[in-house]
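Residue-level listing of the chains:
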Amino acid sequence: MQQFSLCFGRVKKDCLKFIKSQETKADKFKNKERMIKSFLIPLCFWISKKKLIKKDLILWV
């Protein structure tokens, strides 16, 4: 949990800036900090864990 809080503290400013840049006048995102905490950071940890297990992470398109 400490690692999660540390990560949130480091990326909060940049993520909020990016999320705000993706908004339109008609579609505003609500509760941006919750979106970062509940989706973006866990997704990053999941990708990191997969990368450690499989030395090469290849995404096929």
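Rules of the game
Residues numbered from 1 in each chain as written. Predicted model: local features only at pLDDT ≥ 70, side-chain atom pairs only at ≥ 80, totals over all residues. Heavy atoms only, no water. Phe/Tyr/Trp six-rings, centres within 6.5 Å; stacked < 30°, edge-to-face > 60°. Lys NZ or Arg CZ within 6 Å of the ring centre and 35° of its normal. Salt bridge = Lys/Arg side-chain N within 4 Å of Asp/Glu carboxyl O. Helix = DSSP H or I, 4+ residues; strand = E, 2+ residues; numbered from the N terminus. Buried < 20%, exposed > 50% of the residue type's maximum accessible area, 1.4 Å probe, protein only. Patch = residues over 30% accessible without salt bridge, like charges linked within 9 Å, V, L, I, M, F, W, Y side chains within 5 Å. Areas by Shrake-Rupley, 256 points an atom, 1.4 Å probe, with all protein chains shown as cover. Core = buried A, V, L, I, M, F, W, Y, C linked by side-chain atoms within 4.5 Å. Contact = heavy atoms within 4.5 Å. Expected span 1.5 Å × (residues − 1). Bend = angle between axes of the 7 residues up to and from the residue.

## Regarding the packing of aromatic side chains
Evaluated as defined, the whole model comprises zero aromatic pairs. Note that K37 overlies the ring of F8, its terminal NZ or CZ placed 4.8 Å from the centroid.

## So, the pattern of salt bridges
One pass over the full model with this rule turns up two salt bridges. For E33, the salt bridge identified is with K12, shortest N-O distance 3.2 Å. Of this pair, E33 sits in helix α2 (residues 32–53) while K12 sits in helix α1 (residues 2–22); the two residues are 21 residues apart in sequence, bridging distant segments of the chain. Its relative accessible area of 33% is what places E33 among the partly exposed residues. Measuring nitrogen to oxygen at the nearest pair gives 3.1 Å for the salt bridge that ties E23 to K32.

## Structural notes on a nonpolar patch on the surface
Residues F39, L43, W46 and I47 make up a contiguous nonpolar surface patch of about 390 Å² in total accessible area. Tracing the sequence through the fold places I47 in helix α2. Its relative accessible area of 37% is what places I47 among the partly exposed residues.

## Focus: the nonpolar core
One finds F8, L16, I19, I36 and I41 forming the largest nonpolar core, which totals five residues. Looking at which element gives the most residues to this core, the answer is α1, with three residues. Contact partners of I36, with chain neighbours within four places excluded, come to F8, K12, C15, L16, I19, I41 and P42.

## Concerning unusual backbone geometry
The residue N31 is not glycine, and still its phi comes out positive at about 55°. Within the secondary structure layout, N31 lies in the loop between α1 and α2. According to the relative accessible area criterion, N31 is partly exposed, its value standing at 48%.

## Notes on α2
Each turn of an α-helix holds 3.6 residues, which means side chains three or four residues apart point in the same direction. Over its 22 residues, α2 runs 31 Å from end to end, which matches the ideal 32 Å to within 8%, given 1.5 Å per residue. The sharpest bend along α2 measures roughly 25° and falls at L40, with the proline P42 sitting one to four residues further on. Within α2, burial applies to K32, I36 and I41.

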